[in-house]
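# Overview (structure and organization)
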Amino acid sequence: MDTRGPLCVGIDPHASLLQAWGLDDDPAGLERFARTVVDALADRVAVLKPQSAFFERFGSRGIAVLERAVADARAAGALVLMDAKRGDIGSTMAAYAAAYLDPSSPLFSDAVTVSPYLGYGSLRPAVEAARASGSGIFALALTSNPEGAEVQRAVGADGRTVAETVLAHLKAENAGEEPLGSFGAVVGATLGGTIAEAGIDLETGGPLLAPGVGAQGATPADLPKVFGPSVANVVPSVSRGVLRHGPNAAALRAAAGRLAGEIGAVVGS
Ligand SMILES: O=c1ccn([C@@H]2O[C@H](COP(=O)(O)O)[C@@H](O)[C@H]2O)c(=O)[nH]1
């Protein structure tokens, strides 16, 4: 983030984008799509975020493409955040942690998105794997979709919302880490002033992944209102808002560059 700015670009090979890029909706089209994004952007953006679902839908051939994209992006200097939103009982979580956070795995990534909705404690194997390998996690706290509120804003017996409980756990993981720890939260850029209105503290000492800029309607100018004083820790994430400019590499770079400039103007990077 210090050297490249905080922008994260998602690699989301929607069938509609493959078509728009003149590619077939098959593993060869998927591979060309992923390779084009990595070649265009991995040497300049801080984070590339492959959305695992779009690779998984092609089965083992899609996963092979994902493995190559992860390796190539990391080799070019980008951090890779695997958006897989894994979450399960602890013993199964250990296997997910081995898949994404163990350096010997072909899908090893710098971080993975995880769902804390089987209870934050169920994520312990991922936390431990991240500590062991120097990687990280991003736990879903306040997601960008409107349906998330019914779970995430629910109030527990201690008077805190579920999201606040998740954020408090992340803050404890990051204690003592400077300038930021490796235990991030996902907080949608689409949430407007609702976080401040609810008095939710986003100071977890970790990065805040902010999806929702672009196709979901949020803009870089919304970030200060959504994140308040925590805006400096935000990693804004954009997928379709950049990808729709492909397949031309220069156009992808220009789109990412424009967004990076707009984000820099509001977060001060
Ligand atoms: O709260 C969340 C968590 C994750 N996502 C993911 O981010 C991208 C958004 O894509 P856009 O094209 O920029 O809308 C996608 O992979 C989602 O699964 C999210 O949107 N919200």
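Residues numbered from 1 in each chain as written. Predicted model: local features only at pLDDT ≥ 70, side-chain atom pairs only at ≥ 80, totals over all residues. Heavy atoms only, no water.

### Notes on the sheet that holds strand 4 (residues 111–114)
The condition is simple: Strands are treated as partners if at least two bridges between them are detected by DSSP. Only DSSP runs of H or I covering at least 4 residues are called helices, and only runs of E covering at least 2 are called strands; the numbering of each starts at the N terminus. In this analysis an axis means a line fitted to C-alpha atoms, helices contributing only their contacting stretch, and an angle means the value between N-to-C directions, from 0 to 180 degrees. The contact criterion used throughout is that any non-hydrogen atoms of two residues lie within 4.5 Å.
Spatially, eight strands are ordered 1-2-3-4-5-6-7-8 in a closed barrel, and the strand pairing comes out parallel. The mean angle between the axes of side-by-side strands here comes to 30°, regardless of whether they run parallel or antiparallel. Relative to strand 8 (residues 234–238), strand 7 (residues 208–211) runs parallel, the two being bridged by four bridges. Considered in strand 8, the bridge of Leu 209 is made with Val 235. Packed onto the sheet, helix 8 (residues 162–174) meets strand 5 (136–142) and strand 6 (183–187) and runs at close to 155° relative to strand 5.

### Section: the nonpolar core
Nonpolar side chains in soluble globular proteins tend to end up buried together. Heads up, the condition is: By convention a nonpolar core is built from buried Ala, Val, Leu, Ile, Met, Phe, Trp, Tyr and Cys residues, the set being connected through side-chain atoms within 4.5 Å. Buried means the residue's accessible area, taken with a 1.4 Å probe over protein chains only, is under 20% of the maximum for its type, while exposed means over 50%, and partly exposed covers the values in between.
Counting residues in hydrophobic clusters, the biggest one holds 75 residues, and the most contacted among them are Leu 48, Val 187 and Phe 227. Ranked by size, the runner-up nonpolar core spans ten residues in total, among them Phe 138, Leu 140, Leu 209 and Val 235.

### Structural notes on the pattern of salt bridges
Just so we agree on the cut-off: The rule for a salt bridge is simple: a side-chain nitrogen of Lys or Arg has to be within 4 Å of a carboxyl oxygen of Asp or Glu.
Enumeration over the complete set of coordinates arrives at 13 salt bridges. Measuring nitrogen to oxygen at the nearest pair gives 2.9 Å for the salt bridge that ties Asp 158 to Arg 160. With a relative accessible area of 33%, Arg 160 lands in the partly exposed category. Among the salt bridges present, the one from Lys 171 reaches Asp 201, with a minimum N-O distance of 4.0 Å. Taken together, the residues span a long stretch of sequence, with Lys 171 in helix 8 and Asp 201 in the loop between helix 9 (194–197) and strand 7 at a distance of 30 residues. The partly exposed category is assigned to Lys 171, whose relative accessible area is 42%. Note on Asp 201: relative accessible area 43%, which makes it partly exposed.

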